[in-house]
Amino acid sequence: MAAPTLDRPDPYLWLEEVESEDALAWVRMQNSRTEGVLRDEAFEADMAAIYEISTRPDNIPFVIRRGAYLYNFWQDATHVRGLWRRTTLDEYRKPEPAWETVLDIDALAREEVEDWVWKGCGTFEPEHRFGLVNLSRGGADATVVREFDLVEKRFVEDGFMLAEAKGGATWHDKDTLLVSTTLGHNSATVSGYPRTVRRWRRGTDFAEVPILFEGEASDVYISAAVDREPGFERVFYRRQTTFEEGISYLSRDGASLAIDLPLDARFDVERDWMLVKLKSDWALPHRTYPADALLAIGFERFLAGDREFEVLFEPAPRRVLGGFWWAKSKLVLTVLDNLASQIWLARPGSPWRMERLEGLPETASVDAFPLDAGQLERSDEFLVSISSYIEPTKLALVDEEERIAVLKEAPSAFDASLLEVMRHEAVSVDGERIPYFEIGPKDRNGPRPTVLYGYGGFSVSLRPGYLGGVGKAWLERGNVWVVANIRGGGEFGSDWHKAGMREGKRLSHDDFAAIARDLVERGVTTAEQLAAYGGSNGGLLVGNMLTRYPDLFGGIWCTVPLLDMRRYTRLLAGPSWVAEYGDPDKPEDWSYMQGFSAYQNIDPAQSYPPLLLVTSRRDDRVHPGHARKMAARLEELGQQVLFYEPDEGGHGAANKKQGAFLSALGFSFLRRTLVDKKPLPEKSA
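About the cut-offs
Residues numbered from 1 in each chain as written. Predicted model: local features only at pLDDT ≥ 70, side-chain atom pairs only at ≥ 80, totals over all residues. Heavy atoms only, no water. Salt bridge = Lys/Arg side-chain N within 4 Å of Asp/Glu carboxyl O. Helix = DSSP H or I, 4+ residues; strand = E, 2+ residues; numbered from the N terminus. Buried < 20%, exposed > 50% of the residue type's maximum accessible area, 1.4 Å probe, protein only. Pairing = 2+ DSSP bridges. Axes fitted to C-alpha atoms, helices over the stretch in contact; angles between N-to-C directions. Contact = heavy atoms within 4.5 Å. Expected span 1.5 Å × (residues − 1). Arc of directions from axis to C-beta. Core = buried A, V, L, I, M, F, W, Y, C linked by side-chain atoms within 4.5 Å.

Undergrad: Requested: an account of the pattern of salt bridges, with residues and values cited.
TA: Under the criterion given, the structure shown has 59 salt bridges. Here Asp 337 ties to Arg 319 by a salt bridge, and the two come within 3.1 Å at their closest N and O atoms. Of the two residues, Asp 337 is situated in strand β25 (residues 331-337) and Arg 319 in strand β24 (residues 319-326); the sequence distance between them amounts to 18 residues. In this structure, Asp 399 and Arg 403 form a salt bridge, with 2.7 Å as the shortest nitrogen-oxygen distance. Its relative accessible area of 52% is what places Arg 403 among the exposed residues. Here the residues in one salt-bridge network are Asp 10, Glu 16, Asp 564, Arg 567 and Lys 629, joined through shared partners.

If you want it as structure tokens, here you go:
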């Protein structure tokens, strides 16, 4: 590893000025060069194919029920920004449902001359007539909030409206909101998220709204939640003190009562039941509850000091709870058993009754999620999606008798008849076995161009899902796609995540490199035919493949990345991730962080594989300066690097059209570097 450039002045700090004329001129020059290299006939064909796949009229319209209607947000070639629309359940069951448009975002953007991106709507129940529509400019995390009438299908004149900011609002009653926003003086944390909760009554000036709850500037964010269940009305506040830890409070009798739980525990209250999901062992006088367990207790009993929980789920090696949520009278749990999905149902009682939902495929990835948007009109019906890497997704309804009926099935996007999915394990540097999925041809005559994709952070689990555009642009041509389940993710619970945090982040990257070696040793590919691909935290991952393991790869595709870990806490939401990475201003943290700060570890004497860096000017989460500076430094050293930064998109594509463009750009890069093995042209003088 090259010596960290901690004391070397950064000559590219000017590229952190997102909107400066010099920085934007540099971006435009880079974009033009990248398009000139990668936009060929094959690129155009890929872009058209991926866009067509993503906008097919028979794609599954995923829905949520509000009152009598199922609502869906839909984008296609005609409605690029999208339609918010609705239909009935009976109509939805038909092959071609009739839809009623509620809000046309394309028309709204044209009328208001705004670059609107839909970010959802929270309606006031049980009527669901009025909602708070969230609109983003260009796909940023910051949104504008506007009250909308779902009956009249128009924005409410003189209704609730919040200017562009991070945060949001939730309904307290029909005429009152609880607002967490960065609007106003001293209203943001150092991470750029809301620091206060305010009660805003209809018709009053928001600038004069009183503060109900306030956190510290050092917190990540402050939020509020309202429980409107009759007889159990409650308000909760949340201080998220780090990305992993926080304190919740119950508002009662004019005071905020702290909920006495481990800081890294997650909890949920439903009527008089309290559920607690642990992330660390919890030692109490009578027993110790293990990390990843799900516990149940009466909420009022808990507040009175009782700590005799019933264990609803207890983890086992590589068997963890993926998630849980309430239907009307039962709890729905997703369990991952060595990455295989199971759906379990738990019914309250003394004791609770647990049973597995039968009739689902054993090998597919299955996710359960609510049919109903609200709390007050919930039923025991719910939805499940069933998918795999090479089989199109199905959407099914589970009725109140737990019968499963398929409602929709996505069309095939590519020919999978010659493909297979295999699972293997590589041995990492410390002997841990790291699983990965390999998707490729059944019959291989020698090594093939291969993409290794990973993330490895924030407890995010990478599970099978239909590959769609990847299948069409990459797999159908005889290539291989690999998904790495490295440490730092959540595939095997909290210990798996913690092993890839902070001091363990380099170990997470070692896991990825171990898979790369295993693919070569097994003859799946060669180093020259292997690319690393990742975005965001995964961008940090593949950035480290470039600097730490350049000999293992023939190309690196790096999107919306963190790369300068010396300065990341000074850039946008960076301070919120200190729990995951460490604090570079603390010498004891920087002592290990410098080992995975890719920008600081560029070695002028090292030859690196070709690199494609993609970010977004509107990304207000991970600063585009990370990718900009990395590209500039590598270009200065004469390395093979391409850079692309669109004006819109946030921390992801703004719409399916842009998504198809950026995907095709990546596949063009892969084709050039791994298949055709052409070097990237040198930068023009």
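Undergrad: Run through the sheet that holds strand β2 (residues 69-74), naming residues and quoting values.
TA: Strand order in the open sheet formed by four strands is β1-β2-β3-β4, with antiparallel pairing between adjacent strands. Both outer strands of the open sheet, β1 (64-66) and β4 (100-104), are each paired with one neighbouring strand and no more. For this sheet, the mean angle separating the axes of adjacent strands, direction not counted, is 30°. Pairing geometry for β1 and β2, over three bridges, is antiparallel. When the bridges of β2 are listed, Arg 65 appears paired with Leu 70. On the sheet, helix α4 (residues 105-112) packs against β2 and β4 and is oriented at approximately 35° with respect to β4.

Undergrad: Report on helix α2 (residues 41-54), specifying residues and quantitative values.
TA: For α2, spanning 14 residues, the distance from its first C-alpha to its last is 20 Å, which sits close to the expected 20 Å at 1.5 Å a residue. Listed in full, the buried residues belonging to α2 are Phe 43, Asp 46, Met 47, Ile 50, Tyr 51 and Ile 53. Within α2, the buried residues cover an arc of 160° as seen down the axis, which keeps them to one side. Here the buried face of α2 lies against α1 (21-38), α6 (468-473) and α13 (656-675).

Undergrad: Account for the nonpolar core, naming residues and giving values.
TA: Formed by 104 residues in total, the largest nonpolar core has its most connected members in Trp 481, Ile 515, Phe 553, Tyr 581 and Leu 613. Per-element tally for this core: the top contributor is α13, with nine residues. In terms of nonpolar packing, the next biggest core, distinct from the first, is built from 19 residues, Leu 278, Tyr 289, Ala 293 and Leu 295 among them.

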